Every structure is written in C-alpha cells, then in structure tokens.
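Now for the letters of each chain:
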Amino acid sequence: FDSGDLDRAVRQYFHQPTPGSGNVPGYPRIAGTPLFSRPGGVFTSTLNVTLSTTSPQGVIRFTTNGSVPSETSTAYSGPIAISSSTLLRARVFDTGLAPGPLVSEGYVALAADVQNFTSDIPIVLLENFGAGGVPGNSYQFVYMAIFEPTVDRASLRNAPDLGTRAGIKIRGSSTAGQPKPNLALETWDEKNADRDTTPLGFPSE
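Scoring rules and cut-offs
Residues numbered from 1 in each chain as written. Predicted model: local features only at pLDDT ≥ 70, side-chain atom pairs only at ≥ 80, totals over all residues. Heavy atoms only, no water. Helix = DSSP H or I, 4+ residues; strand = E, 2+ residues; numbered from the N terminus. Buried < 20%, exposed > 50% of the residue type's maximum accessible area, 1.4 Å probe, protein only. Contact = heavy atoms within 4.5 Å. Areas by Shrake-Rupley, 256 points an atom, 1.4 Å probe, with all protein chains shown as cover. Lys, Arg positive; Asp, Glu negative; His and termini not counted. Charge placed at Lys NZ, Arg CZ, Asp CG, Glu CD. Salt bridge = Lys/Arg side-chain N within 4 Å of Asp/Glu carboxyl O. Core = buried A, V, L, I, M, F, W, Y, C linked by side-chain atoms within 4.5 Å. Polar contact = N/O pair within 3.5 Å; in protein donor to acceptor, adjacent residues only side chain to side chain. Pairing = 2+ DSSP bridges. Axes fitted to C-alpha atoms, helices over the stretch in contact; angles between N-to-C directions. Patch = residues over 30% accessible without salt bridge, like charges linked within 9 Å, V, L, I, M, F, W, Y side chains within 5 Å.

Let's talk about the overall build of the chain
Helix and strand counts for the chain stand at 0 helices and 15 strands. Principal axes of the C-alpha set define a box for the chain whose edges measure 60 × 45 × 30 Å. The burial tally for the chain puts 35% of its 205 residues in the buried class. Pairs at least 24 residues apart make up 51% of the contacts formed inside the chain by residues separated by at least 6 positions. Carbon together with sulfur atoms contributes 49% to the accessible area of the chain, which is approximately 12500 Å² in total. Side chains of the chain give 15 positive and 18 negative charges; the mean places of these two sets differ by 3 Å.

Below is the structure:
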C-alpha cells in the first residue's frame with residue numbers, strides 16, 4: 001500500500017496505529033481534554049458532574065457503561081446526574097482534529113452501613129461496576145480508591161489519596177478457594193496498559 005510521499009515539514013497526529021501498512025490520514029492537531037467538575041471517589045447521595053473543555057468548537061461525548069466514547073456517543077449538554085456506582089468516560093471531538101485524550105472518573109455509591117467507616121490503617125476500595133466474581137486467569141477491570149489515615153484514622157468520607165483504573169485477578173493456588181482470596185492487582189491507564197503509581201509509600205511497580 002502506497003500512502004504517498006511524506007512531507008517532513010508537516011507535522012501530523014495519528015490516533016489509530018497501522019503497523020505494516022500505510023498511515024491513515026493524519027490530523028494537524030489534537031482536540032482538547034475534557035475537564036470534570038469533581039474527581040472520582042465515593043458519594044452518599046445523587047451528585048451532578050459537569051464537563052467542560054477549552055476547545056471552543058469541541059463536542060464532549062461521554063459513556064457511563066465503561067466503553068470508549070466515539071463520535072456517535074452521547075453529546076454532553078448539561079450536568080450528568082449520578083445516583084449509582086458509575087464509570088464516567090469522556091472525550092472531546094473537534095472537526096478536522098484528532099480525538100482528544102480519553103479521561104475516566106469512577107464514582108462509587110457507598111452503602112449506608114459503611115458511610116461512617118474509619119480505620120487506623122489505609123482503606124482500599126475496589127469497584128467492578130457489577131462485573132461479577134473475580135476471575136483467576138485474566139484481569140478484571142476495577143476502579144480503585146485508596147484512603148490513607150488523616151489524624152490517625154482513614155475515613156471513606158475523605159477524598160481518596162489515589163483514584164485509578166486497575167485490574168485484579170485471584171492469585172495463588174492452594175489459597176485460591178478461600179472465601180476471601182488473595183488478589184493480584186495492576187494499576188492501568190486509559191488503554192488498560194500498566195500505569196506506574198506509588199501507593200502507600202511503596203515504589204512504582
């Protein structure tokens with residue numbers, strides 16, 4: 001496949017890789033980044049999340065089912081009411097530009113019996129948005145929030161010290177059948193690739 005001569009004086013962006021074949025049409029710039037009115041975390045009553053962008057002509061499109069927003073996804077037109085645990089993903093589309101960066105935030109509804117829970121050790125919250133049991137052979141997507149102690153205790157009412165996409169699976173052999181099994185966990189970026197984080201003072205990885 002011959003994609004034509006390459007003009008080295010023209011910088012272009014390609015949002016779709018085409019290994020082994022010619023480049024798809026490129027874009028002169030990348031659309032803006034969606035901005036969320038509040039970061040991910042936990043909540044106890046319905047909340048409204050506002051999205052915005054610095055792209056004057058950009059259209060924000062979003063999903064609440066975990067899928068990557070496309071040019072046919074719902075266009076943002078006003079505050080999004082969230083009343084149950086939701087993974088909100090958004091992206092900016094602008095005519096003639098490459099799609100903007102994908103941004104996700106997880107909002108986890110707390111059950112009444114844990115809303116006032118505190119601990120003298122860090123609290124790690126994992127939400128899989130109704131995906132069922134944790135598998136043993138492949139990673140399952142989760143939103144992870146870590147709450148570290150403040151004034152000697154960690155509280156779910158505080159903003160999380162770390163909120164991130166992650167993957168979990170059951171780890172171990174003889175312990176795999178325990179009611180509370182050991183878990184392997186990886187922190188992920190928006191493309192489910194490894195993301196280096198330093199939770200709880202540990203080094204990355």
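Anyway, onward from the coordinates.
A closer look at the pattern of salt bridges
All chains considered together, the criterion is met by 2 salt bridges. The residue Glu 190 makes a salt bridge to Arg 89 at a minimum N-O spacing of 3.0 Å. With Glu 190 in the segment after strand 15 (183–188) and Arg 89 in strand 8 (residues 86–93), the pair connects residues that are 101 residues apart, well separated along the chain. Of the residues examined, Glu 190 reaches a relative accessible area of 23% and is grouped as partly exposed. When its relative accessible area of 3% is taken as the criterion, Arg 89 is described as buried. The salt bridge involving Arg 165 is made with Glu 190; its shortest N-O contact spans 3.9 Å. Here the residue Arg 165 occupies a position in strand 14 (residues 162–170), and Glu 190 occupies one in the segment after strand 15, the gap between them amounting to 25 residues. Because the salt bridges share partners, they merge into one network encompassing Arg 89, Arg 165 and Glu 190.

Regarding the nonpolar core
With 16 residues, the main nonpolar core has Phe 36, Val 49, Leu 51, Ile 82 and Leu 88 as its most contacted residues. At the level of elements, strand 3 (47–49), strand 5 (59–63), strand 7 (80–82), strand 8 and strand 9 (103–109) are the ones that each hand at least two residues to this core. Excluding anything up to four places from it in sequence, Leu 51 contacts Leu 35, Phe 36, Ile 60, Phe 62, Tyr 76, Ile 80, Leu 88 and Ala 90. Of all hydrophobic cores here, the second largest spans 10 residues; its members include Val 42, Leu 110, Ile 123 and Phe 147.

Looking at the side chain of Ser 155
Position of Ser 155 among the secondary structure elements: in strand 13 (residues 154–155). Side-chain polar atoms of Ser 155 contact the backbone nitrogen of Arg 157, separated by 3.1 Å.

Observations regarding the environment of Glu 186
Structurally, Glu 186 is set in strand 15. Spatially, the C-alpha atoms of Glu 186 and Phe 141 are 9.6 Å apart, while their sequence positions differ by 45 residues. Ignoring any residue separated from it by four or fewer positions in sequence, one finds Glu 186 in contact with Tyr 139, Ala 166, Gly 167 and Asp 194. Within the structure, Glu 186 has its side chain in polar contact with the side chain of Tyr 139 (distance 3.5 Å). One polar contact links Glu 186 to Trp 188, side chain to side chain, over a distance of 3.2 Å.

Some thoughts on the side chain of Arg 91
Mapped onto the elements, Arg 91 comes out in strand 8. From its side chain, Arg 91 meets the backbone oxygen of Gly 100 in a polar contact 2.6 Å long. In this structure Arg 91 touches Pro 34, Val 59, Ile 60, Arg 61, Val 68, Pro 69, Pro 99, Gly 100, Pro 101 and Leu 102, once residues within four positions along its chain are discounted.

Let's talk about the sheet that holds strand 12 (residues 140–147)
Within the open sheet, the 4 strands sit side by side as 11-12-14-15. Their pairing is antiparallel. Two strands in the sheet have a free side with no partner beyond their single neighbour: strand 11 (123–127) and strand 15. If you compare each strand with its neighbour and ignore which way they point, the axes differ by 40° on average. Sheet analysis places strand 11 next to strand 12, joined by 5 bridges and oriented antiparallel. Along strand 12, the bridge assignment pairs Val 124 with Ile 146.

Some thoughts on a nonpolar patch on the surface
There is a patch of nonpolar side chains on the surface, built from Val 124, Leu 126, Leu 183 and Leu 185 and spanning about 300 Å² of accessible area. For the nonpolar patch, the secondary-structure elements that each account for two or more residues are strand 11 and strand 15.

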